[in-house]
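A look at the structure
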Amino acid sequence: MTRHIVLRLLRAAAVVVLVTTAAAALPHLMRGSPALATLGPNATPEQIAAFDAEIGLDDNALAAAWHWIADALHGDLGNSLANGVPVTTELGDRVPVTLELFAASQLVALAIALPVALWSAWRPGGWFDRLATALAFVWLAIPAFVLGLLLIYVAAVQWRILPATGWTPFTDDPADNLRHLVLPALTMGLTEAAVFTRTLRAQLMDTLDQTYIDAARGRGLGATRLLLRRALRPSALPLVTLIGIGFGMALGGSVLVETLFAVPGMGGLAATAINGRDFPVIQAIVVVTAVGVVAATLAVDLLYRRIDPRIAHDHR
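This write-up is about the structure you can find in this document. (Residues numbered from 1 in each chain as written. Predicted model: local features only at pLDDT ≥ 70, side-chain atom pairs only at ≥ 80, totals over all residues. Heavy atoms only, no water.)

Overview of the overall build of the protein chain
Cut-off, in case you're wondering: Put simply, DSSP marks the helices as runs of H or I at least four residues long and the strands as runs of E at least two long, and each gets a number from the N terminus on. When a residue's accessible area, from a 1.4 Å probe over protein chains only, is under 20% of the maximum for its type it is buried; when over 50% it is exposed; and in between it is partly exposed. Pairs of residues are marked as contacts when any of their non-hydrogen atoms sit within 4.5 Å. Values of accessible area rely on a 1.4 Å probe in the Shrake-Rupley scheme; residue burial ignores everything except the protein chains shown. Here the positive residues are Lys and Arg and the negative ones are Asp and Glu; neither His nor the chain ends is included. Taken as the charge centre is NZ of Lys, CZ of Arg, CG of Asp or CD of Glu, depending on the residue.
Along the backbone of the protein chain there are 16 helices and 0 strands. Judged by the C-alpha coordinates and their principal axes, the protein chain covers about 85 × 60 × 35 Å. Classification of the 316 residues of the protein chain by burial places 40% in the buried group. Long-range contacts, defined here as pairs at least 24 residues apart, represent 70% of the contacts in the protein chain between residues at least 6 apart. Summed over its atoms, the accessible surface of the protein chain is roughly 17,100 Å², and 66% of this surface lies on carbon and sulfur atoms. For the protein chain, the distance from the average site of its 22 positive side-chain charges to the average site of its 23 negative ones is 20 Å.

Quick look at the structure:
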């Protein structure tokens with residue numbers, strides 16, 4: 001077990017180092033200078049040269065990457081080219097918002113997917129299963145931004161019960177924070193619920209064909225206890241994988257949803273930084289996302305062994 005964890009940590013560290021190096025060298029891999037986007041079209045060649053030297057574009061890519069990584073290890077990710085604010089401050093403000101939105105969307109997705117997938121797998125081919133399958137396919141075909149626009153039209157324009165856009169930090173006003181959270185969380189959660197339902201239903205049907213399930217049925221175990229105690233746990237591995245990868249990717253932000261609802265999270269920050277060629281911010285987002293994906297993948301791998309001890313036994 002210890003050897004497996006050490007190997008996984010070494011691989012994770014190698015991936016993070018490679019991605020960080022590539023992100024640090026990013027400005028050198030793209031054509032042109034971000035100076036014009038920051039200084040304006042009337043910038044003189046001397047001003048552009050001074051700007052490039054200030055952000056390290058006068059070094060070669062490897063030297064610039066080395067300096068960026070050395071500063072990052074000391075907690076210095078540079079300053080935003082757009083507003084001069086330290087990138088660490090920007091991330092500190094945006095990451096909690098994105099994580100709150102991600103957590104709420106996962107709760108929505110699981111609250112829908114778990115009962116629907118369990119009942120569909122228990123009665124495959126029945127009216128409920130056919131209806132749930134059809135709705136899941138329809139839901140998967142609807143882009144998230146279209147679903148978001150529909151929710152805004154119904155809840156904010158017609159019923160006027162929820163705000164269409166904007167954000168209030170939880171520490172400022174918890175109730176208003178939840179009001180602003182509902183629509184973006186529903187938009188992301190409903191889309192993911194269809195994926196979760198299809199994935200869990202397929203895995204549950206495979207589990208329910210196992211002989212130990214037949215033996216439990218023969219002993220008179222009820223449907224609810226059979227599904228929740230014997231079938232759900234070994235069937236949850238793909239679902240755990242999806243949530244884990246989703247957590248890592250969430251740190252990069254959901255650009256469409258956050259932009260549509262004006263949520264000040266990582267997605268909005270990434271969109272603004274890319275449009276303005278704000279390389280320090282882009283580099284930080286790439287690295288944070290990579291670290292999040294690697295950490296989530298590692299956590300999921302370790303969680304597998306807790307959910308299904310047979311996996312740990314197979315690696316011995």
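Don't stop here, the text continues.
Focus on helix α6 (residues 87-122)
Stated precisely, the cut-off is as follows: A helix's residues, less one, multiplied by 1.5 Å, set its expected span. One fitted axis covers the seven residues ending at a residue, a second covers the seven starting there, and the bend at that residue is the angle between these axes.
Counted at 1.5 Å a residue, the expected span for α6 with its 36 residues is 52 Å, and the 50 Å between its end C-alpha atoms agrees. The sharpest bend along α6 measures roughly 25° and falls at Arg94, with the proline Pro96 sitting one to four residues further on.

With respect to the side chain of Ser235
Just so we agree on the cut-off: Nitrogen and oxygen atoms within 3.5 Å of one another constitute a polar contact, given that in protein one can donate a hydrogen and the other can accept it, and given that sequence-neighbouring residues count only through two side-chain atoms.
Mapped onto the fold, Ser235 is located in helix α11 (residues 223-235). Relative accessible area serves as the criterion here: at 1%, Ser235 is assigned to the buried category. Of note is the side chain of Ser235, whose polar atom sits 2.7 Å from the backbone oxygen of Ala231. Each residue touching Ser235, except ones within four places of it in the same chain, is listed here: Leu200, Gln203, Leu204 and Thr207.

These figures come from the coordinates and say nothing about function on their own.
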